[in-house]
Amino acid sequence: MSSAKPSKSAPGIATPLLAWYDRHARALPWRISPSARMHGVVADPYRVWLSEIMLQQTTVQAVKPYFAFFVDRWPSVENLAAADTEDVMKAWAGLGYYSRARNLKKCADVVAAEHGGRFPDSEEGLLALPGIGPYTAAAIAAIAFDRPAAVVDGNIERVFTRLYEIATPLPSAKTEIRAVVGEATPTERPGDFAQALMDLGATICTPKRPTCALCPINELCRARRSGRQEEFPVKPAKKEKPIRLGAAFVAERDDGAVLLVKRPDKGLLGGMTGVPTTNWSVRADGEIGAKSAPFAAEWHKKGVISHVFTHFELRLEVFHAVVTLPPDHDGWWSDGDSLPGEALPTVMKKALSAAFPALFKKGKT
C-alpha cells in the first residue's frame, strides 16, 4: 500500500487537539502549563533545551530527578557554563548516552560566551550549537520561542503514521512525516501544538492498545477507520544485536578504596569514570580472562555482567583483587563513601556491584 498524504482541504487537527491539551496537558517540571501561558508566563529556553537534551532516548520518569538536580544546582545556562566538566559528568551519571552530557557542557559554553547567555530563537541558529540536531532545534524553536517548526519525536511519528496511514517504513518515512507535520502545524501556539502531540502519543496513541475512543482527533484517523492502528508506524525487521566481550578489573586497596580511571573522551562512555577494562568496542571484542589484567594481582572472578547499548550487547567478566601495594597505574583511589558519587555509567555500576553487591543499594546511586 502506498503512503497517503493529507488533503489540503482536510479538516485541521490543531483546533481539537489544542482544546484537548488545554484540559489534559501533563504537568511536567520543564513545561509551562496552558493556563500559565494564558496568564502571560513564557517558557525559559534554558529549561526547554535542558529537558529536550535529557529526554533524547530516555523516558520522562527517568529524566525528572536529573532535571530537578541540574536546575537546582545550575539554574541558568551561565551557571552551567561556569561549572566544572567533571561535576556535570557526575551529575549526568546513570542517564546514559554520555556524548549528550559532553555536548551539553559545550553548548552552554558557546551560549554563554558567544550569545550573551541567550539561546538563538530560530531553528537555523539553534542548529549551529553543539549537540543540537534537527529535532531538538525544532522543539526548542517551537516550545521556547513559538516558532511554527515541525517537531517530530517518536510519539509524533506514531500519531501521524496512524493518522494518515503512512506505510513507508521508518526511518525512511521521517522526511515524509516531517512534511505532513509541517503542514499541520499552526502559526498560533505551535509550541503547545507540539507538546499536545507528544502528550497524545504518550497517553492515548500508545504503541499497544491505543485508547482511540478518547482521542480528540479520532474521526480524522485513517488507521482507526481501517482498524489497523497497531500496524503503524511500520518498522523494518529488527536485526539481532551483536554480543561483544571484555573484562573489567576492580582493584581494592587495603583501606577499601577502589581504583578508578577516566575513559577516553571519544567513543562510548567518553569522559566517564570506570574501573579498568580491556579494549572492547562497538565493532570488536576486548581481551578476556585474568591474564588480560592491567597489572599483576591475585584476581578472583566475580561473575559476568551484561549491558545493552543501542547497537550491541556487552558482556564483561568482572575480576576483583585486594592489593597491598597500590600499583603504578593511571587513575585515582575512591573510598566507599565517595564511590557512589563518582561519574559512573550504569555498566560500571554493574561491574562494581558484582564485586561489592551492597554498594549501590539503599539509595546509594
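Residues numbered from 1 in each chain as written. Predicted model: local features only at pLDDT ≥ 70, side-chain atom pairs only at ≥ 80, totals over all residues. Heavy atoms only, no water.

K.L.:
Could you give me a rundown of the layout of surface pockets, with the residues and numbers involved?
P.N.:
Put simply, the largest pocket is a space of about 1600 Å³. Of all elements in the fold, only helix H3 (45-55), helix H9 (134-145), helix H10 (154-163), helix H11 (174-184) and helix H12 (190-203) reach the threshold of two or more residues within the lining of the largest pocket. By residue number, the principal contributor to the lining of the largest pocket is H10, which donates five residues. In this structure, the second largest pocket spans a volume of roughly 410 Å³. Lining the second largest pocket are 22 residues, and of these Gly96, Tyr97, Leu268, Phe309 and Thr310 sit closest to its centre. Put simply, the parts of the chain that give the lining of the second largest pocket at least two residues each are helix H7 (99-114), strand E4 (300-308) and helix H14 (346-355). Partitioning the lining of the second largest pocket into residue classes produces 11 nonpolar, 10 polar and one charged. (1 Å grid on protein atoms, 1.4 Å probe; cavity = no way out; pocket = protein on both sides within 12 Å on 5 of 7 lines; lining within 4 Å. Points joined across faces, edges and corners; volume = space filled by probe spheres on them. Helix = DSSP H or I, 4+ residues; strand = E, 2+ residues; numbered from the N terminus. Nonpolar A, V, L, I, M, F, W, Y, C, P; charged D, E, K, R; others polar.)

K.L.:
I'd like to hear about empty space enclosed by the protein, residue by residue, with values.
P.N.:
If a probe as big as a water molecule is rolled over the atoms, it shows which places are left empty. Counting across every chain of the model gives one cavity of 30 Å³ or more. Considered as a void within the structure, the largest cavity measures approximately 100 Å³ in volume. Cys205, Cys212, Cys215, Asn218 and Cys221 are, among the 14 residues lining the largest cavity, the residues nearest its centre. Of the residues belonging to the lining of the largest cavity, the class tally is 10 nonpolar, two polar and two charged.

K.L.:
Help me get a handle on the side chain of Glu317, residues and values and all.
P.N.:
Relative to the helices and strands, Glu317 resides in strand E5 (residues 313-323). In this structure the side chain of Glu317 is engaged in a polar contact, spanning 3.3 Å, whose partner is the side chain of Lys301. Among all residues touching Glu317, those that are not within four sequence positions of it are Gly246, Ala247, Ala248, Ile288, Gly289, Lys301, Gly303 and Val304. (Polar contact = N/O pair within 3.5 Å; in protein donor to acceptor, adjacent residues only side chain to side chain. Contact = heavy atoms within 4.5 Å.)

K.L.:
Go over H9 with me, naming the residues and quoting the values.
P.N.:
Here H9 contains 12 residues, and its C-alpha end-to-end distance of 16 Å stays within 8% of the 16 Å for a straight helix at 1.5 Å per residue. Along H9, the positions that sit buried rather than exposed are Thr136, Ala137, Ala138, Ala139, Ile140, Ala141, Ala142, Ile143 and Ala144. Looking at the buried positions of H9, the neighbouring elements they touch are H3, helix H8 (123-127), H11 and H12. Positive backbone phi, approximately 60 degrees, marks Asp146, located one or two places after H9. (Expected span 1.5 Å × (residues − 1). Buried < 20%, exposed > 50% of the residue type's maximum accessible area, 1.4 Å probe, protein only.)

K.L.:
Go over the packing of H9 against H12 with me, naming the residues and quoting the values.
P.N.:
Running from amino to carboxyl end, H9 crosses H12 at an angle of 125 degrees, the nearest separation of the two axes being 7 Å. In terms of orientation, H9 lies oblique with respect to H12. Contact residues: Tyr135, Ala142 and Ile143 in H9; Pro190, Gly191, Gln195 and Met198 in H12. Partitioned by chemical class, the residues of the contact of H9 with H12 number five nonpolar, two polar and no charged. (Axes fitted to C-alpha atoms, helices over the stretch in contact; angles between N-to-C directions. Parallel < 35°, antiparallel > 145°, perpendicular 65-115°, else oblique.)

K.L.:
Residue-level account of H3, with values.
P.N.:
Within H3, nine of the 11 residues are buried, leaving the element largely enclosed by the surrounding structure. Those residues of H3 that sit buried are Pro45, Tyr46, Val48, Trp49, Leu50, Ser51, Glu52, Ile53 and Met54. Summarising the contacts, the buried residues of H3 are in contact with helix H4 (60-73), helix H5 (77-82), helix H6 (85-92), H7, H9 and H12. Regarding H3, its N-cap is Asp44, as a side-chain oxygen of that residue lies 3.0 Å from the backbone nitrogen of Tyr46 further along. Gln57 sits one or two positions beyond H3 and adopts a positive phi of about 60 degrees.

K.L.:
Tell me what's going on with the packing of aromatic side chains, and back it up with residues and numbers.
P.N.:
Applying the stated rule across the entire model yields 13 aromatic pairs. Here Tyr46 and Trp49 contribute two aromatic rings whose centre-to-centre distance is 5.8 Å and whose plane-to-plane angle is 40 degrees, an arrangement assigned as tilted. Of this pair, Tyr46 and Trp49 are both found in helix H3, three residues apart, which corresponds to roughly one turn of the helix. The burial state of Tyr46 is the same as that of Trp49; both residues are buried. Relative to Tyr164, the ring of Phe160 has its centre 6.0 Å away and its plane inclined at 45 degrees; by these criteria the two rings are tilted. Given a relative accessible area of 0%, Phe160 falls into the buried group. Judged by its relative accessible area of 9%, Tyr164 is buried. The rings of Phe69, Phe70, Trp74 and Trp92 are connected pair by pair, giving a single aromatic cluster. (Phe/Tyr/Trp six-rings, centres within 6.5 Å; stacked < 30°, edge-to-face > 60°.)

Note that every value here comes from positions in space, so none of it alone points to a role or purpose.
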